[in-house]
Amino acid sequence: MKITKKNLLRFSKQIILKKLGMSGQKKIFSSKVLVVGAGGLGCPLILYLANSGVGNIGIVDDDKIEITNLNRQILYTPKDLGKFKASQARNIVKIINADIKVKIYKKRLNENNIKKIFSEYDIICDGTDNYKTRYIINDYCVKNKKILISAAINKFSGHIFNFNFKKKVPCFRCFMPVIPKNEDNCETDGVMSTLAGIAGSLQANEVINTIINKNKNLEGKMLIIDSLNSNIRKISLTKNSNCINKCGKK
């Protein structure tokens with residue numbers, strides 16, 4: 001994104017922050033962030049990335065908007081039913097700021113296309129709703145030393161992870177070595193709409209902190225959100241010596 005007088009004024013409330021400043025805003029302008037999943041998590045995440053000034057945003061999603069999405073997927077309205085989520089998300093981002101470069105991928109992520117898509121981005125955001133895709137994303141990011149900021153929501157509970165694989169940190173497989181027998185997701189179990197907003201916003205916050213190299217204390221940890229009891233806590237993850245990504249090996 002260009003550093004214009006208009007953008008300097010627009011983001012002035014961020015730039016005057018001593019822990020961000022002009023140097024931090026320049027990093028945000030030049031950052032390249034990929035969002036996998038433009039659903040309940042991806043919608044608030046994309047909104048805050050755009051409004052924070054992230055200059056390059058990629059969006060991966062092959063789904064179309066359904067009426068059941070509308071309670072929590074805040075980028076869309078009833079007029080958007082039947083349209084591709086990625087396309088509508090891009091339209092909203094361009095309305096927010098036409099200077100942002102947005103690239104969309106209306107396809108399901110898999111082992112065959114992940115390299116081509118991910119290679120253009122510095123930070124990967126996982127907001128998917130199935131374990132198979134989460135493992136594909138995790139394994140690729142470990143192998144290629146990408147920064148992966150992942151979030152998940154179900155019912156009233158949410159999790160946020162920051163896996164900076166440029167360092168020796170546990171991965172998602174250390175936390176959950178194998179795919180559970182039951183695929184827990186919003187479609188089967190339901191989800192509170194406000195939880196999606198809370199978790200997606202915290203995910204965006206972690207992206208910005210990572211871009212400006214501040215507040216790294218979520219690396220290698222998991223943030224647990226209990227929206228029903230308005231409680232947030234943080235726990236440390238440990239490396240699993242049996243992890244197939246060899247996270248626990250010296």
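Computed from a prediction, not measured in an experiment: that's the story for all the values here.

Definitions and cut-offs
The residue numbers shown here count from 1 along each chain, following its written sequence. Predicted model: local features are reported for residues with pLDDT of at least 70 only, side-chain atom pairs are reported and counted for 80 or more only, and whole-chain, interface and lining totals are derived from all residues. With hydrogens and water set aside, each side-chain value is computed from the structure's full complement of heavy atoms. Every helix listed is a DSSP run of H or I at least four residues long, and every strand listed is a run of E at least two residues long, numbered separately from the N terminus. Values of the radius of gyration come from C-alpha atoms, whereas the globule rule sets the reference at 2.2 Å times the count of residues to the power 0.38. Only protein chains enter the accessibility calculation, which uses a 1.4 Å probe; a residue is then buried when its area is under 20% of its type maximum, exposed when over 50%, and partly exposed in between. In this description, contact between two residues means that some pair of their heavy atoms is separated by no more than 4.5 Å. Computed with a 1.4 Å probe, the accessible areas rest on the Shrake-Rupley method; for each residue, only the protein chains presented here act as cover. His residues and chain termini do not enter the charge count, which takes Lys and Arg as positive and Asp and Glu as negative. Charge positions are represented by NZ for Lys, CZ for Arg, CG for Asp and CD for Glu. Nonpolar core, defined: a set of buried Ala, Val, Leu, Ile, Met, Phe, Trp, Tyr and Cys residues in which side-chain atoms within 4.5 Å join the residues together. A pair of strands is considered paired only if DSSP assigns at least 2 bridges between the two. Lines fitted to C-alpha atoms define the axes, with helix axes restricted to the stretch in contact, and inter-axis angles between N-to-C directions lie between 0 and 180 degrees. Note that the arc is defined by the directions from the helix axis to the C-beta atoms. Each angle gets one of four labels, with under 35 degrees taken as roughly parallel, over 145 as roughly antiparallel, 65 to 115 as roughly perpendicular, and the rest as oblique. By definition, any crossing whose near helix is turned counterclockwise from its far helix by less than a right angle is left-handed, and any crossing with a clockwise turn is right-handed. When residues are grouped by polarity, Ala, Val, Leu, Ile, Met, Phe, Trp, Tyr, Cys and Pro land in nonpolar, Asp, Glu, Lys and Arg in charged, and all others, Gly among them, in polar.

**Some thoughts on the overall build of the chain**
Move 1: Looking only at helices and strands, the chain has ten helices and eight strands in total.
Move 2: Here the C-alpha atoms of the chain give a radius of gyration of 17 Å, agreeing with the 18 Å that 2.2 N^0.38 yields for 250 residues.
Move 3: Here the C-alpha coordinates of the chain stretch approximately 55 × 45 × 40 Å along the principal axes.
Move 4: Taking all 250 residues of the chain together, the buried fraction comes to 53%.
Move 5: Counting contacts in the chain only where the partners sit at least 6 residues apart, residues at least 24 apart contribute 64% of the total.
Move 6: On the chain, roughly 12,800 Å² of surface is accessible, and the fraction owed to carbon and sulfur atoms is 53%.
Move 7: Once the 44 positive and 19 negative side-chain charges of the chain are each reduced to a mean point, those two points are 11 Å apart.

**Overview of the nonpolar core**
Move 1: Core analysis: the biggest nonpolar cluster contains 36 residues, and L49, I59, V207 and I211 have the highest contact counts within it.
Move 2: Of the residues forming this core, the biggest block, five residues, is contributed by helix 4 (residues 42-52).
Move 3: The next biggest cluster of nonpolar side chains, apart from the first, holds 31 residues, and it includes Y121, Y131, L148 and I224.

**Quick word on the pairing of strand 8 (residues 231-236)**
Move 1: The sheet contact formed by strand 7 (residues 221-226) and strand 8 spans six bridges and is antiparallel. Bridge assignment links L223 to a residue of strand 8, and that residue is K234.
Move 2: Hairpin geometry of strand 7 and strand 8 is characterised by an intervening segment of four residues between the two adjacent antiparallel strands and by a positive phi of about 50° at S230.

**Re the side chain of N209**
Move 1: Relative to the helices and strands, N209 resides in helix 10 (residues 193-211).
Move 2: What makes N209 buried here is its relative accessible area of 12%.
Move 3: Once residues within four sequence positions are removed from consideration, N209 is found in contact with K214 and N215.

**Concerning the sheet that holds strand 4 (residues 123-126)**
Move 1: Pairing in this open sheet of eight strands is mixed, and the strands run 3-2-1-4-5-6-7-8 from one edge to the other. With partners counted over all chains shown, the strands left at the sheet margins are strand 3 (101-105) and strand 8, one partner each. Strand after strand, the sheet turns through a mean of 15° between neighbouring axes, direction not considered.
Move 2: Pairing of strand 2 (residues 56-60) with strand 3, which is carried by five bridges, proceeds in the parallel orientation.

**Looking at helix 3 (residues 21-30)**
Move 1: Here helix 3 has its buried residues at G21, G24, Q25, I28 and F29. For helix 3, the arc enclosing every buried residue in end-on projection is 145°, short of the 170-degree limit, so these residues lie on one face.

**Concerning the packing of helix 4 against helix 5 (residues 85-96)**
Describing two packed helices takes the angle between their axes plus the distance from one axis to the other.
Move 1: Following both chains from N to C, one finds helix 4 and helix 5 inclined at 25°, their axes separated by 10 Å at the closest point. If you check the angle between helix 4 and helix 5, you find them roughly parallel. In the packing of helix 4 onto helix 5, the handedness of the crossing is right-handed. Within the contact between the two elements, helix 4 uses I46, L47, A50 and N51 and helix 5 uses A89, I92, V93 and I96.
Move 2: Here the contact of helix 4 with helix 5 is built from residues that sort into seven nonpolar, one polar and no charged.

No statement about biological role is implied by the geometric values presented.
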